[in-house]
Amino acid sequence: MKISFKLKLIFSYIFVILVSFGFIAFFLDKNLEENSLRNIQSSLITQANLIEGQIASDRLRQEDAPYLESLVKALSSKTKCRITVINNKGSVLSDSEKSQEEITQMENHLYRPEVKVALTGSIGIDTRYSSTLKINMLYVALPIKDKTGITGILRLSLPLESVQKTAFVIRKIVLIGLFFALALAFVLGSIVAGRTIQPINRMIQISHRFSKGDFSRKIIQVSKDEIGELAVTLNKMAQDIEDKIKEAKAQNQKLSAIFNSMIEGIIVVDKTSRIISVNPTIEKIFSVSKKEIEGRAFLEAIRNNDTYEIINSVLAKGKPLSAEISLILPVRKIFEINATPIFDNNIVSGCLIVLHDITEIRRLETVRSDFVANVSHELKTPLTSIKGFVETLLEGALGDKENNRNFLKIIQDHAERLNSLVEDLLSLSHLESKEIVLNKSNFNLRLQLEEVILGFKSQLKKKGIEIKNELPASISINADKDRIEQVLTNLIDNAIKFNKEKGSIFIYAQEVDGKIKVFVEDSGIGIPEKDISRIFERFYRVDKARSRELGGTGLGLSIVKHIVELHSGSVGVESTEGLGSKFWFILSR
Ligand code: ADP
């Protein structure tokens, strides 16, 4: 049971009052009763002595009843005491409260304690309950002596009513006093407790707010005593906690900003491999929602056995682990996974998993090795031919007047092929290098195209192809003129190479979102649907033999793409096999 401070204080006041009143009442009661008894006793003795002197001893010896009766009654009315005269044998001779007749029926008083003492010559005193009068009585017995010895006993008795009355009055006063003292204790206790408790209650209220994280209000220091000091300490503690919470929140915000913005996927699991937290990248990788998977078992939430095994191994061994896993999501992706144990008091309490998408890195590695293989292959073919024909010539064909020029012509063709291949490779590697600087200027695209077309005059004529420059006369762009010339050259070269005899080429432009989209449309062989997406890759050709025959290197479109992208533009193609292709590039003005 919770007893309030107020009640405790009031109870302690009451306790002190009750104890002190108890002591006072006990001693006062006892002393007063004894004192008044003693006073009555001594006055009774004095009176008895006086009365004894008035009793004529010869009349007593003669047991003169009428004499004794009138004397006893007269003195009794004066002294207000009951007076009894008893002879030395214990028989009552006279009693102020009894008639002569009643006296004869009274029992012998020889064995009454006070009488017994008086018969020995001393003053006998006794207090007892009188069955005759039904009250407590004080008896004082005095021996009546003459020369012959004790002739009788004079007994004075008084009801102790007055003593009891005095005690009663005192008890009443003590009780009333006690009642007032208790009432005062209650009132005083309430006031003092109220005054002491008010600031404490206020402190409790505000401390409750503190515990809920509300530090907006501070405790007012009402006094300079211990309670005031407590208020100051509590305020200081609250301020410290508030500062610490703010610091922790800021730290937390920073961490969660990092956690949420990391491109690596992060999963935190507990020691039972239950997911505690994941970052948005994980949601994207596994197409799951944070809300759904947090709190669930790993394998239930993310059905990936490889990752699960890594987690289990880290949790069991307490050692970090790295591995490469591939996920089909639905596209195949490769991830580098780093799992690190989380320790709490040197015991593994969880695991931190970081997933890093290395698909692009791996793809680039493949592209690089493919490129090396392709380059070697492309170089090897003409070199093998040159070597073969040179050997043939050296072995005697040099004298063969009919064929030697022919052989030399083939060697020249292959050497030229090698040359254009090396040139394309050089320009591609130059375009790919980070150091490239575009030499931009404003120029008229239509006029530049005219120049390019002029360079293809003989080829166009040979195939009977008609080419139309439909670019607007005023078309001007800001770009690297030489490089754009290369773009146009490569696209027109392809449009001629992969065109039909007597085919046609149209070059025109459109304005798209403030940019210029240039089209190079031919009526050639077109590109099969399946090859369209790869056509801009290095060395990618629909028909390798045909391209080679036409003097192609398979790098032309790659170079186009690179140049346009260096100008922050884009390239594309629309084509229908057998009908023709429409290459386009977009450049800003
Ligand atoms: P190439 O040196 O072989 O021309 P490119 O990179 O310029 O290399 O072109 C790659 C391939 O794209 C060609 O081999 C060809 O198969 C296809 N191609 C390019 N332009 C056209 C076009 N205008 N019509 C049909 N196919 C084309």
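Residue positions are counted from 1 within each chain, in the order its sequence is given. Residue-level local features of this predicted model are given only where pLDDT is at least 70; pairs of side-chain atoms are given and counted only at 80 or more, and the full residue set underlies all totals for whole chains, interfaces and linings. Side-chain descriptors were evaluated using all non-hydrogen atoms of the structure, hydrogens and water having been removed beforehand.

Next up on the list: the overall build of the protein. Going along the chain from the N terminus, every DSSP run of H or I of four or more residues is numbered as a helix, and every run of E of two or more is numbered as a strand. Secondary structure summary: the protein contains 19 helices and 17 strands in total. C-alpha atoms define the radius of gyration, and 2.2 Å times the number of residues to the power 0.38 defines the globule rule. A globule of 589 residues ought to have a C-alpha radius of gyration of about 25 Å, yet the protein, at 66 Å, is considerably larger. Projected onto its principal axes, the C-alpha positions of the protein cover 210 × 55 × 40 Å. For each residue, the accessible area found with a 1.4 Å probe, counting protein chains only, is set against the maximum for its type, and the residue is called buried under 20%, exposed over 50%, and partly exposed in between. For the protein, the residues scored as buried account for 38% of the 589 residues in total. Note on definitions: a residue-residue contact is assigned when non-hydrogen atoms from the two residues lie within 4.5 Å. Long-range contacts, defined as pairs at least 24 residues apart, comprise 56% of the intrachain contacts of the protein with a sequence gap of at least 6. When the accessible surface of the protein is summed, it comes to about 35,000 Å², and 57% of that surface belongs to carbon and sulfur atoms. In summary, the charge assignment counts Lys and Arg as positive and Asp and Glu as negative, without counting His or the chain termini. Where a charge sits is defined by one atom per residue type, namely NZ (Lys), CZ (Arg), CG (Asp) or CD (Glu). Charged side chains in the protein number 80 positive and 72 negative. The centres of these two groups are separated by 7 Å. Surface exposure here means Shrake-Rupley accessible area, sampled with a 1.4 Å probe, where a residue is shielded only by the protein chains that are shown.

Our focus in this paragraph is the sheet that holds strand β3 (residues 124-130). Overall, antiparallel pairing links the five strands, which are arranged β2-β1-β5-β4-β3 in an open sheet. The outermost strands of the open sheet, each flanked by one partner alone, are β2 (92-95) and β3. Here the strands of the sheet are splayed against their neighbours by 25° on average, with no regard to which way each runs. With ten bridges joining them, strand β4 (residues 135-146) and strand β5 (residues 149-159) adopt antiparallel strand pairing. Note that in β5 the partner of L138 across the bridge is L158. In this analysis, strands are considered paired if DSSP registers two or more bridges between them. Helix axes use the C-alpha atoms of the stretch in contact, all axes being lines fitted to C-alpha atoms, and the angles between their N-to-C directions lie in the range 0 to 180 degrees.

This next bit is on the pattern of salt bridges. Here a salt bridge means any side-chain nitrogen of Lys or Arg lying within 4 Å of a carboxyl oxygen belonging to Asp or Glu. For the structure shown, the criterion picks out 30 salt bridges. In this structure, E34 engages R38 in a salt bridge whose closest nitrogen and oxygen atoms are separated by 3.9 Å. Placement of both E34 and R38 in helix α1 (residues 5-54) is noted, with a separation of four residues, approximately one turn of the helix. Under the relative-accessibility criterion, R38 is labelled partly exposed at 48%.

What follows covers the domain arrangement of the protein. Size of an interface, as often reported, equals the accessible area lost when the parts are brought together. Annotation of the protein at the domain level lists domain 1 (5-165), domain 2 (213-261), domain 3 (264-357), domain 4 (362-430) and domain 5 (437-588). Those domain boundaries reflect an automatic or database domain assignment. Here the C-alpha centre of domain 4 lies 52 Å away from the C-alpha centre of domain 3.

Residues are classed as near a molecule or strand on a simple rule: at least one heavy atom within 4 Å of it. Of all residues adjacent to the ligand, which total 20 residues, the nearest are N494, S547, T553, G554 and L557. Here a polar contact is recorded for every N or O atom pair within 3.5 Å, except that within protein the pair must consist of a potential hydrogen donor and a potential acceptor, and residues adjacent in sequence are included only if both atoms are side-chain atoms. A distance of 3.1 Å separates an oxygen atom of the ligand from a polar atom in the backbone of V542. A distance of 3.3 Å is found between a nitrogen atom of the ligand and a side-chain nitrogen or oxygen belonging to S581. Structurally, the ligand is housed in the largest pocket. The element best represented in the shell around the ligand is helix α16 (residues 481-497), accounting for three residues. When its residues are assigned to classes, the shell around the ligand shows nine nonpolar, eight polar and three charged. Definitions used throughout: a 1 Å grid over protein atoms alone; a cavity as a set of points that fits a 1.4 Å probe which cannot get out; a pocket as an open set with protein on both sides within 12 Å along at least five of seven lines; a lining residue as one with an atom within 4 Å of a point. In this description, a molecule resides in a pocket or cavity if more than half of its atoms sit within 2 Å of the grid points defining it. Three classes are used: nonpolar for Ala, Val, Leu, Ile, Met, Phe, Trp, Tyr, Cys and Pro, charged for Asp, Glu, Lys and Arg, and polar for all others, with Gly counted as polar.

Here we take up the layout of surface pockets. Grid points are joined across faces, edges and corners, and a volume is the space filled by probe spheres set on the points. Reported here for the largest pocket is a volume of approximately 1,400 Å³. Along the walls of the largest pocket sit 48 residues, with D493, K497, L550, G551 and G552 positioned nearest its centre. Of all the secondary structure elements, the ones that give two or more residues to the lining of the largest pocket are α13 (404-432), α15 (457-463), α16, α18 (544-549), α19 (556-566) and β17 (580-588). Counting residues per element, the lining of the largest pocket draws most heavily on α13, at nine residues. When residues are assigned to domains, the lining of the largest pocket turns out to be shared by domain 4 (362-430) and domain 5 (437-588), each giving three or more. Of the volumes computed, that of the second largest pocket is approximately 620 Å³.

Right, let's talk about the packing of aromatic side chains for a bit. Stacked, tilted and edge-to-face are the three classes applied to pairs of Phe, Tyr and Trp rings, where Trp contributes its six-membered ring and a pair requires centres within 6.5 Å; stacked means planes under 30 degrees apart, edge-to-face means over 60, and tilted covers the rest. If you walk through the whole model with that rule in mind, you get nine aromatic pairs. Centre to centre, the rings of F179 and F180 are 5.8 Å apart; their planes meet at 75°, and the pair counts as edge-to-face. By the ring-pair criterion, three or more aromatic residues cluster together here, those being F23, F26 and F27. Directly above the aromatic system of W584 lies the positively charged group of K517, at a separation of 4.4 Å from the ring centroid. Placement of a positive charge over a ring is assigned whenever Lys NZ or Arg CZ falls within 6 Å of the ring centre and within 35 degrees of the normal to the ring plane. In this structure, R538 packs its charged tip against the face of F371, placed 4.5 Å from the ring centre.

If you trace the backbone, K497 turns up in helix α16. Not counting chain neighbours up to four residues away, the residues in contact with K497 comprise K463, L550 and G552.

Turning next to unusual backbone geometry. Positive phi is not limited to glycine here, since E63 has a value of about 55°. Within the secondary structure, E63 sits in the loop between α2 (57-61) and α3 (65-79). One non-glycine residue, S287, lies in the positive phi region at around 50°. As for its position among the elements, S287 is in the loop between α8 (280-286) and α9 (290-293).

To estimate the expected span of a helix, subtract one from its residue number and multiply by 1.5 Å. Its 29 residues give α13 an end-to-end C-alpha distance of 42 Å, which sits within 8% of 42 Å, the value for a rise of 1.5 Å per residue. Listing the buried residues of α13 in full gives N404, F407, I411, H414, R417, L418, L421, D424, L425, S427, L428 and L431. On its buried face, α13 sits against α12 (359-394), α16, α18 and α19.

Turning to the nonpolar core, a few remarks are in order. Within the largest apolar cluster, 47 residues are counted, with the highest numbers of intra-cluster contacts made by L445, I492, I505, I507 and F585. The element that contributes the greatest number of residues to this core is α16, accounting for seven residues. Here L445 is in contact with L471, I475, I477, I484, L488 and V518, once residues within four sequence places are set aside. Here the nonpolar core consists of buried residues drawn from Ala, Val, Leu, Ile, Met, Phe, Trp, Tyr and Cys, with membership extended through side-chain atoms lying within 4.5 Å.

What follows deals with the sheet that holds strand β8 (residues 321-328). The five strands are arranged β7-β6-β10-β9-β8 in an open sheet whose pairing can be described as antiparallel. The two strands at the open ends of the sheet, each matched to only one other strand, are β7 (275-278) and β8. On average, each strand axis in the sheet is inclined to that of its neighbour by 25°, with strand direction left out of account. With three bridges connecting them, strand β6 (residues 265-270) and β7 associate as antiparallel partners. Considered in β7, the bridge of V268 is made with S277. The sheet contacts of α12 involve β8, β9 (332-344) and β10 (347-357), and relative to β9 the element is tilted by about 135°.

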